[in-house]
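Single-letter residue listing:
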Amino acid sequence: YGLYSRLVARMGCETGRFLRRLALEPLLSDPVRRDGSAFFRSSRAKEAGTLCNTSGEGLSEKAVSAALENLKAGNEADVFPDLLIAGPPNRNAANAILRKHPAMNSSGERKSPVRLLILPELGKAWFLCVSGGDAKPFSIHLDSSPELLREDGDRKCVYGVSIRGEAVALYPHLIYRGGADR
């Protein structure tokens, strides 16, 4: 039981790390949509108006208000962001904004509170997004279930995990990126 339980625990940890890398990939890179355009753009023509879902501004109350206005301008329906994602340098600013405005939406109505997620990999970048409901800005697709692997070489066994998947950027009108000078 001793060796086997450690291997299963390792498989769980490696799978968790892989899923985290997949989730961070579209946030840390500049994903490209199927039509070849950048996912995060300062202007994208839509029926409801022009969508802007990126800015180089640091996290501030003014920047979040601008993000809400830009998300509203690019959507036919009202937008209710419920997740603010920020790096550690923005923790204090994010907490101050959420204390002052615990529920944000583009029409000024009170809705569900906005949650804060701090990710060390983001640095000074921040994201305001819609994570509830059926549609999400990104989708993660696993091509295989995690499998425990064993490789015998030079009379010693090496164990690992095999898992494949990808993250796909889907709906730019559900997320806004700030603080990313790219």
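Residues numbered from 1 in each chain as written. Predicted model: local features only at pLDDT ≥ 70, side-chain atom pairs only at ≥ 80, totals over all residues. Heavy atoms only, no water.

(A) Region of interest: the environment of Ser29. Inspection of the secondary structure puts Ser29 in the loop between helix H1 (2-28) and strand E1 (44-46). Distance from Ser29 to Phe40, taken between C-alpha atoms, is 9.8 Å for residues eleven residues apart in sequence. At a separation of 2.7 Å, a polar atom in the side chain of Ser29 contacts the main-chain carbonyl oxygen of Glu25. (Helix = DSSP H or I, 4+ residues; strand = E, 2+ residues; numbered from the N terminus. Polar contact = N/O pair within 3.5 Å; in protein donor to acceptor, adjacent residues only side chain to side chain.)

(B) Structural detail: the packing of aromatic side chains. All chains considered together, the criterion is met by four aromatic pairs. Three or more aromatic residues joined by ring pairs make a cluster, and in this case those are Phe39, Phe40, Phe127 and Phe138. (Phe/Tyr/Trp six-rings, centres within 6.5 Å; stacked < 30°, edge-to-face > 60°.)

(C) Structural view of the pattern of salt bridges. Inspection of every chain in the model, using the stated rule, returns four salt bridges. A salt bridge links Arg177 to Asp30, with the nearest nitrogen and oxygen atoms 2.8 Å apart. Highlighted residues: Arg177 in strand E10 (residues 175-178) and Asp30 in the loop between H1 and E1, separated in sequence by 147 residues. For Arg177, a relative accessible area of 4% gives the class buried. Judged by relative accessible area, which is 42%, Asp30 ranks as partly exposed. One salt bridge in this structure joins Glu61 and Lys100, with 3.3 Å as the shortest N-O distance. Here Glu61 is found in helix H2 (residues 61-73), whereas its partner Lys100 is found in helix H3 (residues 91-100), with 39 residues between them in sequence. The class of Glu61 is partly exposed, set by a relative accessible area of 32%. (Salt bridge = Lys/Arg side-chain N within 4 Å of Asp/Glu carboxyl O. Buried < 20%, exposed > 50% of the residue type's maximum accessible area, 1.4 Å probe, protein only.)

(D) Region of interest: the nonpolar core. Counting residues in each nonpolar core, the largest one holds 18 residues, and the members touching the most others are Leu59, Val64, Ala67, Leu84, Trp126, Leu128 and Tyr176. At the level of secondary structure, the elements contributing two or more residues to this core comprise H2, strand E3 (83-86), H3 and strand E5 (126-129). In this structure, Phe39, Leu83, Ala169 and Ile175 belong to the second largest nonpolar core, which totals 14 residues. (Core = buried A, V, L, I, M, F, W, Y, C linked by side-chain atoms within 4.5 Å.)

(E) Expanded view of the sheet that holds strand E4 (residues 115-118). Pairing is mixed in the open sheet, where four strands are placed in the order E4-E3-E5-E10. The two strands at the open ends of the sheet, each matched to only one other strand, are E4 and E10. Looking at each pair of strands side by side, their axes are set apart by 15° on average, direction ignored. Contacts from H2 reach E5 and E10, with the element oriented near 45° to E5. (Pairing = 2+ DSSP bridges. Axes fitted to C-alpha atoms, helices over the stretch in contact; angles between N-to-C directions. Contact = heavy atoms within 4.5 Å.)

(F) Representation of the side chain of Thr15 in the model. Its location among the elements puts Thr15 in helix H1. For Thr15, the contacting residues outside a window of four places in its chain are Pro146, Val161 and Ile163.

(G) Structural view of H3. For H3, the full list of buried residues reads Ala94, Ile97 and Leu98. One side of H3 holds all its buried residues, which, seen down the axis, span an arc of 95°. Residues of H3 that are exposed and point more than 90 degrees away from the buried face comprise Asn92, Arg99 and Lys100. Against the buried residues of H3 lie H2, E3 and E4. (Arc of directions from axis to C-beta.)

By themselves, these are just geometric observations and shouldn't be taken as functional.
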